[in-house]
Amino acid sequence: MEYISQVMFIVVLGIATYFLINRIKRIKENISLGKDIHRSDRPSERWKTMLLVAFGQKKMFKRPFPAFMHLLIYIGFIVINLEVLEFIIDGLFGSHRIFAPYLGGLYTVAINIFEFLAVSVIIACIVFLIRRNIGKLKRFSGEEMTSWPKLDANIILLVEIVLMLAILTMNATDHILQSREATGYTQAGAFIFSAPFLPLFQNLDTNTLIIIERTAWWFHIIGILGFAVYITYSKHLHIFMAFPNTYYSKLEPRGQMMNMPEVTKEVQIMLGLPTEGGDNPPQEIARFGAKDVTDLTWKDLMSAYTCTECGRCTSECPAHITGKKLSPRKIMMDVRDRVEEIGNYQGKGNKEIEEEKTLLDNYITREELNACTTCNACTEACPVNIDPVSIILQMRRYIAMEEAASPTSWNNIFSNIETSFSPWKFSPSDRFNWANELKLKEKKKSNEL
């Protein structure tokens, strides 16, 4: 029977690993559809950013209450998964609580810490379920928050609750089996937080307890493995993606717009300014700006997979607050949906990208793009340093430079800047006339005195 259990565990682990590796490979290929961008400079600053923002949850604490609840789940997720290591070893070798004999009393302390975190996770998940479904916070609603995003969030919270209850059930029945000195159950001490479950199982016979304990063990390990595969399709992929996304995040000031190097070089040559690489003309550009996800950078696509759909960006967006159609969260969700669509299309053996649909117009409307004020409130609010403004600017560049289809008022501004070096239509030689008028008034006033 022991060998059958080991074989079953190896099969389950193998199946989960197969699906997980394939999914990770697909996500990596999808991100690679983006254009190259250099984000390997200033490594010390990047490590600091990642440690503070992703690991330290720095930006989450702008909203203390949800931040504290999220911290409980975050710490619980990391620490409790240390116990999963023991689960895997026990499953592979047919052992039971393999670390208990070696750690002694320290093992009991560790399990009690795990149980405390399990209870904390349950409480935090219940609070989040109430906030989402009963409190109905405004930032959890919106055009983009269709039935699936809402269901996805609830599924994750409910699964986490059930997995934590499985741990407490397993430990409670395990403690009773230890006290009965059942075969194969190592003495591991008293478990405090699963103790309230003891009366539920105290009067059951030993064989029934073993069945319940083993069922809870299998339920938890299969749930963890299934959870690992599921989150690669879910917004909860940010659990892992937050770390590389913050590491490769933009280090320049948020308001600093990134120019196109090819255009910058061409302008420098026209003005007779020194350029990197001499006076050689810049390489021909296939497309100015971005019409589809393949025109965006790999970092933009990574950010789309990192989006938590928390709505902090949209709730802080002044355009959205004043009733405009723009929602930065929707921008990121649309990019992810489109890159997934292209990835699936190519995954079926189609090498060329489907041209019938594009990110522009089919997913993101021009009205949304034009509503953005580029204030960067969304990038400031994002807890994992996602930059929706970068995507919006690249798409607006395509509209302006490839289609010449920007709003008429914008085109007038562009023309004035090109000819008069300012948004207003007057001669550059008249730019300081207002100052001359002030000087004349000041001189006249002095003469009168």
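Refer to the structure above for everything that follows.
Conventions and cut-offs
Residues numbered from 1 in each chain as written. Predicted model: local features only at pLDDT ≥ 70, side-chain atom pairs only at ≥ 80, totals over all residues. Heavy atoms only, no water. Helix = DSSP H or I, 4+ residues; strand = E, 2+ residues; numbered from the N terminus. Rg over C-alpha atoms; globule rule 2.2 N^0.38 Å. Buried < 20%, exposed > 50% of the residue type's maximum accessible area, 1.4 Å probe, protein only. Contact = heavy atoms within 4.5 Å. Areas by Shrake-Rupley, 256 points an atom, 1.4 Å probe, with all protein chains shown as cover. Lys, Arg positive; Asp, Glu negative; His and termini not counted. Charge placed at Lys NZ, Arg CZ, Asp CG, Glu CD. Phe/Tyr/Trp six-rings, centres within 6.5 Å; stacked < 30°, edge-to-face > 60°. Lys NZ or Arg CZ within 6 Å of the ring centre and 35° of its normal. Core = buried A, V, L, I, M, F, W, Y, C linked by side-chain atoms within 4.5 Å. Disulfide = S-S within 2.5 Å. Polar contact = N/O pair within 3.5 Å; in protein donor to acceptor, adjacent residues only side chain to side chain.

## Thoughts on the overall build of the protein chain
And step 1. Helix and strand content of the protein chain: 20 helices and 0 strands.
And step 2. Here the C-alpha radius of gyration of the protein chain, 29 Å, is well above what a compact globule of 449 residues would show, namely 22 Å.
And step 3. Looking at the protein chain as a whole, 43% of its 449 residues are labelled buried.
And step 4. The long-range fraction of contacts in the protein chain, counting pairs at least 24 apart against all pairs at least 6 apart in sequence, stands at 75%.
And step 5. Accessible surface, the protein chain as shown: approximately 24,600 Å² in total, 63% of it carbon and sulfur.
And step 6. A gap of 7 Å separates the mean positions of the 49 positive and 48 negative side-chain charges of the protein chain.

## Brief notes about the environment of Leu151
And step 1. The residue Leu151 is located in helix H6 (residues 147-179) in this model.
And step 2. Residues Leu151 and Leu198, spaced 47 residues apart in sequence, show a C-alpha to C-alpha distance of 33 Å.

## Thoughts on the side chain of Thr49
And step 1. Along the chain, Thr49 falls in helix H2 (residues 43-55).
And step 2. A residue is classified by how much of its surface remains accessible, and Thr49, at 18% relative accessible area, is buried.
And step 3. Contacts of Thr49, omitting those with residues within four sequence positions, involve Ala54, Thr246, Ser249, Leu251 and Asn385.

## As for the environment of Glu367
And step 1. Of note, Glu367 is situated in helix H16 (residues 366-371).
And step 2. Placed 42 residues apart in sequence, Glu367 and Lys325 show a C-alpha to C-alpha distance of 7.0 Å.

## Brief notes about the packing of aromatic side chains
And step 1. All told, the structure shown has 13 aromatic pairs when counted by the stated rule.
And step 2. Ring plane angle 75 degrees and centroid distance 5.4 Å describe the contact between Tyr18 and Phe19, whose orientation is recorded as edge-to-face.
And step 3. Seen from their ring centres, Phe77 and Phe227 are 6.4 Å apart, and the 50 degrees between their planes marks the pair as tilted. Residue Phe77 is located in helix H3 (residues 64-93), and its partner Phe227 is located in helix H8 (residues 206-230); the two are separated by 150 residues in the primary sequence.
And step 4. For Phe77, a relative accessible area of 24% gives the class partly exposed.
And step 5. Here a set of aromatic residues connected by ring pairs shows up, and it is made of Phe9, Phe87, Trp217 and Trp218.
And step 6. Sitting over the ring of Phe140, Arg132 keeps its end group 4.1 Å from the ring centre.

## So, the nonpolar core
And step 1. Counting 41 residues, the largest nonpolar core has Val293, Leu296, Leu326, Val335, Leu359 and Met395 as its most contacted members.
And step 2. Going through the elements one at a time, helix H1 (2-31), H2, helix H9 (238-247), helix H11 (298-306), helix H14 (328-347), helix H15 (359-362), H16 and helix H18 (388-402) are the ones with two or more residues in this core.
And step 3. Other than its neighbours up to four places away in sequence, Leu296 contacts Gly34, Lys35, Ala290, Leu301, Val335, Leu359, Ile391 and Gln394.
And step 4. By size, the runner-up hydrophobic cluster in this structure holds 39 residues, among which are Met69, Ile167, Ala182 and Phe201.

## Observations regarding the state of the cysteines
And step 1. Using the criterion set out here, one finds 0 disulfides in the structure.
And step 2. Cysteine Cys317 is unpaired, with the sulfur of Cys375 as its nearest cysteine sulfur at 6.2 Å.
And step 3. Here Cys378 is not disulfide-linked; the sulfur of Cys372 is the nearest cysteine sulfur, at 6.4 Å.
And step 4. Judged by its relative accessible area of 7%, Cys378 falls in the buried class.

## So, unusual backbone geometry
And step 1. Of note, Asn376 is a non-glycine position whose phi angle comes to about 70 degrees, a positive value.
And step 2. Within the element layout of this structure, Asn376 appears in the loop between H16 and helix H17 (377-381).
And step 3. Look at Asn376 and you get buried, because its relative accessible area is 9%.
And step 4. With a phi close to 50 degrees, Ala404 is a non-glycine residue in the positive phi region.
And step 5. In this structure, Ala404 sits in the loop between H18 and helix H19 (408-420).
And step 6. Looking at Ala404, the relative accessible area reads 56%, which means it is exposed.

## Some words on the side chain of Asn245
And step 1. Note on placement: Asn245 falls in helix H9.
And step 2. According to the relative accessible area criterion, Asn245 is buried, its value standing at 0%.
And step 3. A distance of 3.0 Å separates the side chain of Asn245 from the side chain of Lys299, its partner in a polar contact.
And step 4. If sequence neighbours within four positions are ignored, Asn245 has contacts with Lys299, Met302, Ser303, Thr306, Val384, Asn385 and Ile386.

Function cannot be read off these values alone, since they describe shape.
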